[in-house]
Amino acid sequence: MQVFKAFFKTARRSLPINIMYFIIFSGIALFLSRSSVDTDSQAFASVALDVAVIDADRSDASAALTGYLAGIHNLTKLEYDREALLDRLFYRDIDFVLILPKGFEEKLSGGETDLYETMQIPGVYSSVFVEGQINTYLKAVRLYLAGGKSLADAQSHTEKALNAAAGQVRVLAQQEDGASGMKGIYYYYQFLPYVILSMILSGITPILTTFWEEGLAKRISCSSLGLSAKNLQLALGSIVYCFGIWALFQLIARIFYGNVLFRETGLLCMANSIMILPAAAAIALIISCFHPSSSMVSMCNNVITLGMCFLCGVFIPQQQLGSNVCAVSKFLPFYWYIRNNDLVSGFGGTPFAGGAYWENIGVQALFAAALFALALSVSKYRRGK
Amino acid sequence: MFWHEFVYEIRRLLRQKEELFWVLMFPVILGTLFYFAFGSINNTTENFHTIPVAVCRENGADNRAFTETLTALCEETCPPYFDVSETDFHTAKKMLQENKVRGIFRIGEEVTLLCASVEAENMNSTLAIEQSILEMFFQDYRASETAVTELIAENPAFAQKMPGLLETVSYGSPKKLTDGNLDNTVQYFYNLIAMACLFTSFAGAYIAMNNQANLSALGARKCISPCRKSVSVAAQFGSGILTQFVCLAVPVVYLVYVLGIKFGVGLPLLFLTVFAGCVTGVAFGFFVGCIGKVAEGTKVGILVSSSLFCCFLSGLMFGNMRNVVEKFCPFLNVINPAVRISDSFLTLNIYGVNGRYFGNLFALFLMAAVFLAAGCMMIRRKTYASI
Amino acid sequence: MAVPVIKIENLVKRYKDLIAVDHFNIQINEGDIFGLLGPNGSGKTTTIHCILSLLSFDKGTIEVFGETMRPDSYELKRQIGIVMQNVAVFDALTVYENIDYFCGLYVRDKKLRRKYVEETIDFVELGQFRKFYPKKLSGGLLRRLNIACGIAHKPKLIILDEPTVAVDPQSRNKILEGIAELNRQGATVIYTSHYMEEVEQLCTRIAIMDHGKNIAAGTADELKQMIKKSEKISIELSAVSEADIGNIRALPHVYDAVFAKRQLNIACSGGRHNLIHILNYLQQHDIPFGRVYSELPTLNDVFLEMTGRGLRDV
């Protein structure tokens, strides 16, 4: 077992970067699990956006309007600071800025039509939505005013009418799926492929490179240790390494999320995440065949991990990726991983089906097998040179 | 002496073709992947598209006011709000379940709206906001209806005043925001370039290691030559920045001209920003390279992980990360070079050249100066305790 | 009066608990090829690094060309050429460029530099490899390049730290000849090695180091005279009685005689005709013998006698 032992001695080299990955990821997981809120969504609820209001009028009318909006959206009252607001708009930290200028109340009661200003991203849903709501509100207020109501009356009537209308929207009943309380777990497993792939690539690639390195490879092949025995030990080392990392993250999941993890859905997520390992190991094997230098290993790792994770929907939900992207990413193993994760969590909007789940697992297994075949032929080709 | 070092350092750097290739190709490859991954995201998820709805008339019932409002929204706005399919309720329900329409308006004695349920996790999906817009329209109609009914009941003469007030118009005006690109996916490219800038730190680390007697045999040889360490470091620093900058300029040109990413500003200012990023990156690497007797692999590990971590905090993986940090620990954003680089791009894009942009450049150069000074302090030590 | 180039007094260098150089004294004069001989780990390289002020040391003084060497003594450094134990060249530069680069650190004048570089390439006979990258060179050629990088600027003082480690005999001879030639051209040379033959063949003066101490210094002959043994005679014999061995021991100048493995080893000190005395004795006592060897003492014998260990068995 000399090679096996040497494998782990060499592994210590990549310890610092892996510890870094580990700490960062655990931090993120903690962050995500804390920010997950379980909301019950039986009745129809409209989307709550982040709306900033700059109320320069500070009148009863402006207070009533902002009060109404606050009932729907996450409202923040801010001072006008063009750059700060624009920055936050750009990052979609706020979706819409409503500016009520001085004299808003007078203009409204005077029947004027130029009542407010906005800062909005042109042509996007959220702008259409919030602006539409404000216009709806003002239109109704103007109706009541025209009908002879006082401004305060008009506003309270409007609010009542709008709320009554909202209460009448019906929701098509859907079957219960009992997945509540597990949002954090899904996010955790959603992001897991990035970390596991990074750690496996930055961990195993340099080790394997060391063993393929010409002098060392020749020395080992001259020893009494057979080639197959050497490869077997390397494979064993890789397997232990991969499973070690995997187990570590399951442990973290258990610590963060408790025994909920061991319910059916949690177990499905866990089983799914095992499938990351063979594909990641095969990729590490392929890279190592090219004897890269340490800085090249990190470049390769970055391109592969970030590229694959972006394309396959690790960072950005798959539904948001364009269909042409998905058409490409179907040829990457993580696509099927995420699909399964979505399936288990119900993120993708499709109800869970055991058949589809195992199909996706199967596809991942096929990908792993294909990658290994590729790795072996590459290594054979490189050795022949 | 300076030029001798400078020229030879450039020659050496240019010979390491594989490394250069990666510095150059790494942003090109990732940029291309980003381009495909994000190319249509905002178009599909954020930009408003006509919403498909079903309208069912029960027993041929008709509601003129409703139909008129709906038709107005379908025909007069651009893009039209709704794409209406008239069908029976059974089919409509099926369409709703299959996600072919976002909601069903049922016109019976009164108008009702039926939507699919949206789970809490999906509340920020397109489906949810489309349904919310339906709801908004529905509220608009119902509230007007309620108001009109109430008011006519109080004062029948009101019916004459009414028509002008029922038109859907906007009572507000949007402020002009910027000439730049407000598509927030461009920030992924900002961070990509920021990452590429920080990765120039590898070159910086090698400068440090090549000049230190206790880190390499070459360093020892350099130390005993009559060439001043300050001159040698300065020359290598200059050539390192120059080559790295050229290697990054190519991907930037590629992003702008081949992929057509809209940075909202011309190449010269982009280059200036990238240059500042390179200086910071190389200086950072130099600093890490100067840290005591640590194995090269460990140093590369430190560089990779810290660069990635900076970019993560700046929003390379999750776009909004920067604002999250801003809430919890704003100081981190001030000293994070990746944030400063991407913020420079953001500023250029949205506001053009202004004080904030120069502030960012200043911060980057200041960080570079601090790293450089700290590194020099460490290797300035005249003799080594052990080699 | 010899001009001292390097003068070391009471140099002490510790690495934590280990004393690497222990009150070391040495004086190297202009025109010397000075050999620093000692087994691996005896402190040779550490001493060199202290001379070059790469390493800090705990005690003592070092003067180079009569001045104290400091990390910023650039004018002093300009006169020193160093060939390190480890090959220190840039993989990304060709043979010519490497030599030119290092020469350029010392010589500003471009024309002069070109001339020096050409001369150096001829000197180490790398002319046909000038466009080669170091990775393509064999071990011996690489060592020659390493030397060329250190001496191209025609320094007055050349320090070579084990330049022949892992070099084939042919290259080694070339290197040694080259060093002698440099010395003839006027350079003072410090040469460290644990190969006593090299040092003996090359050096005009030698210091023997062990455990950081200077245990002896002088020319090779002076060193050999410091020890008792001056001649070793070996005679192949089938058998010899204890009495005969006792008698041989009693012969003049013989101070030891041992019979082992069908060979009689006799150590003599001084005296001119030791061999004849011994052979006469054997003949007189009818002891048949085979081949006879007579060896003069080597530096290894010097080291052995002074430390009780061979140079190589450390």
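Everything quoted here is computed from the prediction, not taken from an experiment.

Procedures and definitions
Residues numbered from 1 in each chain as written. Chains lettered and ligands numbered in written order. Predicted model: local features only at pLDDT ≥ 70, side-chain atom pairs only at ≥ 80, totals over all residues. Helix = DSSP H or I, 4+ residues; strand = E, 2+ residues; numbered from the N terminus. Rg over C-alpha atoms; globule rule 2.2 N^0.38 Å. Buried ≥ 20, exposed ≤ 12 C-beta atoms within 10 Å, placed from the backbone. Contact = placed C-beta atoms within 7 Å. Nonpolar A, V, L, I, M, F, W, Y, C, P; charged D, E, K, R; others polar. Pairing = 2+ DSSP bridges. Core = buried A, V, L, I, M, F, W, Y, C linked by C-beta atoms within 7 Å. Domains from an automatic or database assignment. Axes fitted to C-alpha atoms, helices over the stretch in contact; angles between N-to-C directions. Parallel < 35°, antiparallel > 145°, perpendicular 65-115°, else oblique. Left-handed = near helix turned anticlockwise from the far one by under 90°.

### Regarding the overall build of chain A
Here's step 1: Along chain A, the regular secondary structure elements total 16 helices and five strands.
Here's step 2: Relative to the globule expectation of 21 Å for 385 residues, the C-alpha radius of gyration of chain A, 29 Å, shows a markedly less compact shape.
Here's step 3: Along the first, second and third principal axes, the C-alpha atoms of chain A reach 100 × 45 × 40 Å.
Here's step 4: Each of the 385 residues in chain A was classed as buried or not, and the buried ones make up 46%.

### Notes on the interface of chain C and chain B
Here's step 1: Contact residues are listed per partner, giving 25 residues for chain C and 24 residues for chain B.
Here's step 2: Counting residues per element, the ones that place at least two in the side of chain C that touches chain B are α2 (74-78), β6 (80-83) and α3 (95-104) of chain C.
Here's step 3: A breakdown of the residues in the side of chain C that touches chain B according to their chemical character gives 16 nonpolar, five polar and four charged.

### Some thoughts on the pairing of strand β2 (residues 18-29) of chain C
Here's step 1: Note: strand β1 (residues 4-15) of chain C against β2(C), eight bridges, orientation antiparallel. Across the sheet, the residue bridging to C:Lys7 is C:Gln27, located in β2(C).

### Looking at the nonpolar core
As a rule of thumb, nonpolar side chains are buried together in soluble globular proteins.
Here's step 1: The biggest cluster of nonpolar side chains holds 224 residues, and the ones touching the most others in it are A:Val51, A:Ile196, A:Ile200, A:Ala280, A:Ala284, B:Ile193 and B:Phe286.
Here's step 2: If you tally residues by element for this core, the top one is helix α8 (residues 183-212) of chain A, at 17 residues.
Here's step 3: Counting contributing residues per domain, this core is built from domain 1 (2-41 + 183-379) and domain 2 (48-167) of chain B, each supplying no fewer than three.
Here's step 4: Ignoring anything within four residues of it in the chain, the contact list for B:Ile193 reads B:Pro27, B:Val252, B:Val274 and B:Ile341.
Here's step 5: If you look at the next biggest cluster of nonpolar residues, it comprises 87 residues, including B:Ile224, C:Leu11, C:Cys103 and C:Phe129.

### Comments concerning the packing of helix α2 (residues 17-38) of chain B against helix α9 (residues 186-198) of chain B
All names here are of chain B.
Here's step 1: Relative to each other, α2 and α9 sit at 165°, their axes nearing to 10 Å. When the axis of α2 is compared with that of α9, the two are roughly antiparallel. Read as a crossing pair, α2 and α9 show a hand that is right-handed. For the pair α2 and α9, the contacting residues are Phe26, Pro27, Leu30, Gly31, Phe34 and Phe38 in the first and Tyr188, Phe189, Leu192, Ile193 and Ala196 in the second.
Here's step 2: Counted by class, the contact of α2 with α9 contains ten nonpolar, one polar and no charged residues.

### Overview of helix α4 (residues 82-90) of chain A
Here's step 1: A:Leu85, A:Leu86, A:Asp87, A:Arg88, A:Leu89 and A:Phe90 are the residues of α4(A) that are buried.
Here's step 2: Check the buried side of α4(A) and you find it contacts β1 (50-55), β3 (96-100) and β4 (116-120) of chain A together with α17 (337-350) of chain B.
Here's step 3: With its phi angle positive at about 60°, A:Arg92 sits one or two positions after the end of α4(A).

### Regarding the arrangement of the chains
Here's step 1: Across the two pairs of chains that are in contact, the largest number of contacts falls between chains A and B.
Here's step 2: Chain A makes no contact with chain C; the smallest distance between any of their C-alpha atoms is 14 Å.

### Focus on the interface of chain B and chain A
Here's step 1: In this assembly, 86 residues from chain B lie in contact with 84 residues from chain A.
Here's step 2: Broken down by element, the residue count for the side of chain B that touches chain A peaks at 17 residues, all from helix α6 (residues 126-154) of chain B.
Here's step 3: By residue class, the composition of the side of chain B that touches chain A is 45 nonpolar, 27 polar and 14 charged.

### A few points about unusual backbone geometry
Residue and element names in this part refer to chain C.
Here's step 1: Phi angles above zero are rare outside glycine, and Arg262 is one such case at about 55°.
Here's step 2: Inspection of the secondary structure assignment puts Arg262 in the loop between β12 (254-260) and β13 (263-268).
Here's step 3: C-beta crowding within 10 Å serves as the criterion here: with 12 such atoms nearby, Arg262 is assigned to the exposed category.
Here's step 4: Its identity is not glycine, yet Asp286 carries a phi of approximately 55°, on the positive side.
Here's step 5: Its location among the elements puts Asp286 in the loop between α10 (274-284) and β14 (289-295).
Here's step 6: Judged by the 6 C-beta atoms lying within 10 Å of it, Asp286 is exposed.

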